[in-house]
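A look at the structure
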There are 2 protein chains.
Amino acid sequence: MRRRVTITDVAQEAGVSVATVSKVINGRDGIAAGTAAHVQQVVERLGYESSLVARGMRSQRTHAVGVLVAEFEPFSTEILKGAGAALAGTDYALLAYTGGGAGRAGWERRYLSRLSGTLIDGAVLVTPTVVDPVAGVPVVAVDPHAGPGATPTVDSDNLEGAMLGVRHLLGLGHRRIGFLGGRRDLESSALREAGYVQALIDAGVTPDPALLHVAEYRRDAAYEATAAMLALPDPPTAVFAANDVSAMGILDAAGRLGVRVPDDLSVVGFDDIPESASTTPPLTTVRQEIQQLGAVAVRLLLDLLDGSGVGAAGDAPGHVRLPTSLVVRGSTAAPRRTA
Amino acid sequence: MRRRVTITDVAQEAGVSVATVSKVINGRDGIAAGTAAHVQQVVERLGYESSLVARGMRSQRTHAVGVLVAEFEPFSTEILKGAGAALAGTDYALLAYTGGGAGRAGWERRYLSRLSGTLIDGAVLVTPTVVDPVAGVPVVAVDPHAGPGATPTVDSDNLEGAMLGVRHLLGLGHRRIGFLGGRRDLESSALREAGYVQALIDAGVTPDPALLHVAEYRRDAAYEATAAMLALPDPPTAVFAANDVSAMGILDAAGRLGVRVPDDLSVVGFDDIPESASTTPPLTTVRQEIQQLGAVAVRLLLDLLDGSGVGAAGDAPGHVRLPTSLVVRGSTAAPRRTA
DNA sequence: ATGAAAGCGCTAACAC
DNA sequence: GTGTTAGCGCTTTCAT
């Protein structure tokens, strides 16, 4: 395993100074055509490519943007696909990063501090818990923390989406509808809960606090919460989950408890991650355009980086909200007559 | 947008030298308890986190591993999920990287040169076209280029998998079965083709060169190839695609041409990416444990990095092959009597 | 116990 | 047209 070849190796091999090699690589002028050609040739032969790190350290631009995530799960990887697509054709590289302790709050600030300035020119933060502007580089947040912020933001119409999902259940005839909330710190979760409550009230149904649980967007937590709800004297005939992953937890619990979906229990999720089509039964869900979310976030970021950031499509701090839609699959049906 | 806070800022604020701050951060001893506490406090207050880049430049270890991909598509993002899961619990960070010109061959060497040594301690290369050992850091390849190599490798049993898929079609009664090959440079593609041919021969069917196309694992290329095959005087009643993405291209073409799947044409894919369950009709496919591929690759890499690399589970250059399985969904059926 | 200084690979001023 | 020098943020001897 040979050592990485450095600019010094190239310089020595070519019999010129390091500076000259640097100039050739970066296409600076003031180099004799012959020298340039020769150096170029040595570069090829040695397979040299300049270190992103050393380069970023010296110049201020690295020409790389980061997507910072707490974890690589279905939502963040969809974002990645969209971000990648939006970056294709530009000469920016894409760096997705997740460090160890994403459990602790404030991961996004620590990650940003580790990478910004020297590695990436800007970042997309996926479901950050904190969005403070002390970034050092331009930042765009996807599905961010609740509360105001100077940071440009991209999200879906969570309120309307939730209402779509719950109205679907109401339309099927359900009246006892449970809700599995997401991460308390995220605005999306709060809005989905608000949409759930609103849709019920609009339909003349009084929300029952006993049917409202928090599952943190996690499958195992959803499993537990579902078990608790189903043990109620008057259990729900349907549950609306704040995301697909927790909806899968509901399916797990129902399967274990011998509760048939959708016969005994209807389930609606949120997100429409690719995995949702292959659950048993396939999940009815509220679709977010997740890849679009990622693509838009990258475009906003690119605006911030290159185009002055002014006068582009929209002058405001940049806040884009994408529409949602209902995808009906096999996990919902009319409730059985309780007789 | 404030500047990133550096170690110098902390040192100044705390009234000590940079060296002292560095020692405190890295838990080196030889620091008065009081000083350490004070510095620690300033670190917290300023939200300082040392730059991955500067740190990696000086010390040789960065405690980050890279997953280098040509593009963020369904296969590579599944690898990422598996890699992330395998890394959870360790104190390694995960860096997924894709630069611009992945079109040109040799992207993996260039990416490696950009990142190795200073940013990542080791790398997982996803479907690399070239695997030469001139890396500078330990490398593990997933689904690599054909040919021998000193590099440890992880892949699926592509030969057996292909035979599984084709035998399924044969069992349904198909005899004219087309094949859409993948990237010529990948071993997986060659083996899937070999499995296709072998299964046909085993069943006494002579492979027809007119039914053998290359689609590069790409959806648009698959579309074209399918159109060509279906225009044949004696078109196939079934097509086996070397991956799911090209199988989707077949579905596209069939839809456009008014050919019904599976009534007029059966389709089998390879991979079982999450997206395959939600095509119309849902795709019958040969499942690879893609996340496992990623997880195993990371474990191999970690062995190389930490545990001497000797005596671990298997001393050989490290070559792991995972089993495949058939997932039957809606895109396959018995051929209609041509009568 | 603490600080000064060198150096990781590279680029940008500035000299020659 | 090319080389010398300084310095990006950090860790690590080596003095003090």
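Calculation criteria
- Numbering of residues starts from 1 in every chain and runs along the sequence as written.
- Lettering for chains starts from A, numbering for ligands starts from 1, and both go in the order in which the items are written.
- Two thresholds apply to this predicted model, a pLDDT of at least 70 for residue-level local features and 80 or more for giving and counting side-chain atom pairs, whereas whole-chain, interface and lining totals are computed over all residues.
- Water and hydrogen atoms play no part in the side-chain values, which are based on all heavy atoms of the structure.
- For two strands to be treated as a pair, DSSP must find no fewer than two bridges joining them.
- A run of H or I in DSSP becomes a helix once it reaches four residues, and a run of E becomes a strand once it reaches two; helices and strands are each numbered from the N terminus.
- For helices, the fitted axis covers only the stretch in contact; all axes are lines through C-alpha atoms, and the angles between them, taken along N-to-C directions, range from 0 to 180 degrees.
- The criterion for a residue being near a molecule or strand is simple. One of its heavy atoms has to lie within 4 Å of it.
- For the purposes of these results, a polar contact is taken to be a pair of N or O atoms within 3.5 Å, where, inside protein, one atom must be able to donate a hydrogen and its partner to accept one; residues adjacent in sequence count only when each atom of the pair is a side-chain atom.
- Relative accessible area decides the class of each residue, using a 1.4 Å probe on protein chains only: under 20% of the type maximum gives buried, over 50% gives exposed, and in between gives partly exposed.
- Comment: arc refers to directions from the helix axis out to C-beta atoms.
- What makes two residues a contact is simply this: any of their non-hydrogen atoms within 4.5 Å.
- When a carboxyl oxygen of Asp or Glu is within 4 Å of a side-chain nitrogen of Lys or Arg, the pair counts as a salt bridge.
- Charged residues are taken to be Asp, Glu, Lys and Arg, nonpolar residues to be Ala, Val, Leu, Ile, Met, Phe, Trp, Tyr, Cys and Pro, and polar residues to be all remaining types, Gly included.
- Superposition of the copies used a least-squares fit over C-alpha atoms from residues whose pLDDT is at least 70 in both.
- Reported orientations rely on four angle classes, namely roughly parallel under 35 degrees, roughly antiparallel over 145, roughly perpendicular from 65 to 115, and oblique for the rest.
- If you view the pair so one helix is near and one far, a crossing is left-handed when the near helix is turned anticlockwise from the far one by less than a right angle, and right-handed when it is turned clockwise.

1. Observations regarding the sheet that holds strand 5 (residues 153-156) of chain A
The twelve strands lie next to each other as 11(A)-5(A)-4(A)-3(A)-1(A)-2(A)-2(B)-1(B)-3(B)-4(B)-5(B)-11(B), forming an open sheet whose pairing is mixed. Where the open sheet ends on each side, the last strands, each with one partner, are strand 11 (319-322) of chain A together with strand 11 (319-322) of chain B. Within this sheet the neighbouring strands show an average axis-to-axis angle of 20°, counted without direction. The pairing of strand 3 (residues 122-126) of chain A with strand 4 (residues 139-142) of chain A spans four bridges and is parallel. The residue of strand 4 of chain A that forms the bridge with A:Val124 is A:Val140.

2. Digging into the sheet that holds strand 6 (residues 177-181) of chain B
All names here are of chain B. The six strands are arranged 7-6-8-9-10-12 in an open sheet whose pairing can be described as mixed. Both edges of this open sheet fall to strand 7 (212-214) and strand 12 (325-327), since each of them pairs with a single strand only. Strand after strand, the sheet turns through a mean of 20° between neighbouring axes, direction not considered. In this sheet, strand 9 (residues 266-271) lies alongside strand 8 (residues 238-241) in parallel orientation, the contact comprising three bridges. Residue pairing for strand 9: Phe240 is matched across the bridge by Val268.

3. Topic: the protein's contact with DNA strand D
Close contacts around DNA strand D come from 26 residues, with A:Thr20, A:Thr35, A:Arg58, B:Ile7 and B:Tyr48 the closest. In DNA strand D, atoms within 4 Å of the protein come from the sugar-phosphate backbone in 54% of cases. Contact distances for DNA strand D include 3.3 Å between a base nitrogen and a backbone N or O atom of B:Ala54. Mapped by element, the contributors of at least two residues to the surface near DNA strand D are helix 2 (18-25) and helix 4 (52-58) of chain A together with helix 2 (18-25) and helix 4 (52-58) of chain B.

4. Considering helix 2 of chain A
Residues and elements named next belong to chain A. When we look at burial in helix 2, the residues that qualify are Thr20, Val21 and Val24. The buried residues of helix 2 occupy one face: seen down the axis, they fall within an arc of 100°. In the segment just after helix 2, Gly27 is the residue with positive phi, at about 65°.

5. What about the interface of chain A and chain B?
Tallying the contact residues gives 46 residues for chain A and 46 residues for chain B. Between the two partners, chain A and chain B, sit four salt bridges. For B:Arg114, the salt bridge identified is with A:Glu49, shortest N-O distance 2.5 Å. Counting the contacts that link chain A with chain B gives 15 residue pairs in polar contact (both at pLDDT 80 or more). With six residues, strand 2 (residues 93-98) of chain A is the largest single contributor of residues to the side of chain A that touches chain B. Here the residues of the side of chain A that touches chain B are counted per class, giving 23 nonpolar, twelve polar and eleven charged. Both strand 2 of chain A and strand 2 (residues 93-98) of chain B contribute to a ladder of five bridges, which runs antiparallel. Following the sheet pairing, A:Leu94 is matched in strand 2 of chain B by B:Thr98.

6. Some remarks on the relation of the copies chain A and chain B
Aligned on chain B, chain A shows an RMSD of 0.1 Å; the corresponding rotation is 180° and the shift along the axis is 0.0 Å. Taken together, the turn and the small shift mark the pair as related by a two-fold rotation axis. A share of 98% of interface residues in chain A that are also interface residues in chain B marks the association as one of identical surfaces.

7. Description of the packing of helix 7 (residues 158-172) of chain A against helix 8 (residues 187-202) of chain A
Residues and elements named next belong to chain A. Direction vectors running N to C along helix 7 and helix 8 enclose 40°, while the axes themselves pass 7 Å from each other. Taken as axis vectors, helix 7 and helix 8 run oblique relative to one another. The handedness of the crossing between helix 7 and helix 8 comes out as right-handed. Contact residues: helix 7 offers Asn158, Leu159, Ala162, Met163, Val166, Arg167 and Leu170, while helix 8 offers Ser188, Leu191, Arg192, Ala194, Gly195, Tyr196, Gln198, Ala199, Leu200 and Asp202. Taken together, the residues of the contact of helix 7 with helix 8 sort by class into ten nonpolar, four polar and three charged.

8. With respect to the protein's contact with DNA strand C
Surrounding DNA strand C, one finds 27 residues, the nearest of these being A:Ile7, A:Tyr48, B:Thr20, B:Thr35 and B:Arg58. Between A:Arg58 and DNA strand C, the recorded distance is 3.0 Å, taken from a side-chain N or O atom to a base oxygen. Measuring from a base oxygen of DNA strand C, one finds a side-chain N or O atom of B:Lys23 at 2.8 Å. Among the elements of the structure, helix 2 and helix 4 of chain A together with helix 2 and helix 4 of chain B are those that each provide at least two residues to the surface near DNA strand C. If one sorts the elements of the surface near DNA strand C by residue count, helix 4 of chain A sits on top with four residues. Residues belonging to the surface near DNA strand C are distributed by class as follows: eleven nonpolar, ten polar and six charged.

9. What about the environment of A:Val69?
All names here are of chain A. Mapped onto the elements, Val69 comes out in the loop between strand 1 (64-68) and helix 5 (74-87). You can call Val69 buried: its relative accessible area is 1%. In this structure, the C-alpha to C-alpha distance between Val69 and Leu80, residues eleven residues apart in sequence, is 9.7 Å.

10. Description of the environment of B:Asp264
Residues and elements named next belong to chain B. Relative to the assigned elements, Asp264 resides in the loop between helix 10 (244-257) and strand 9. Measuring from C-alpha to C-alpha, the distance between Asp264 and Ala238 comes to 8.3 Å, with 26 residues separating the pair along the chain. Ignoring anything within four residues of it in the chain, the contact list for Asp264 reads Thr237, Gly258, Val259 and Arg336. Polar contacts involving the side chain of Asp264 include one to the side chain of Arg336, which spans 3.3 Å.

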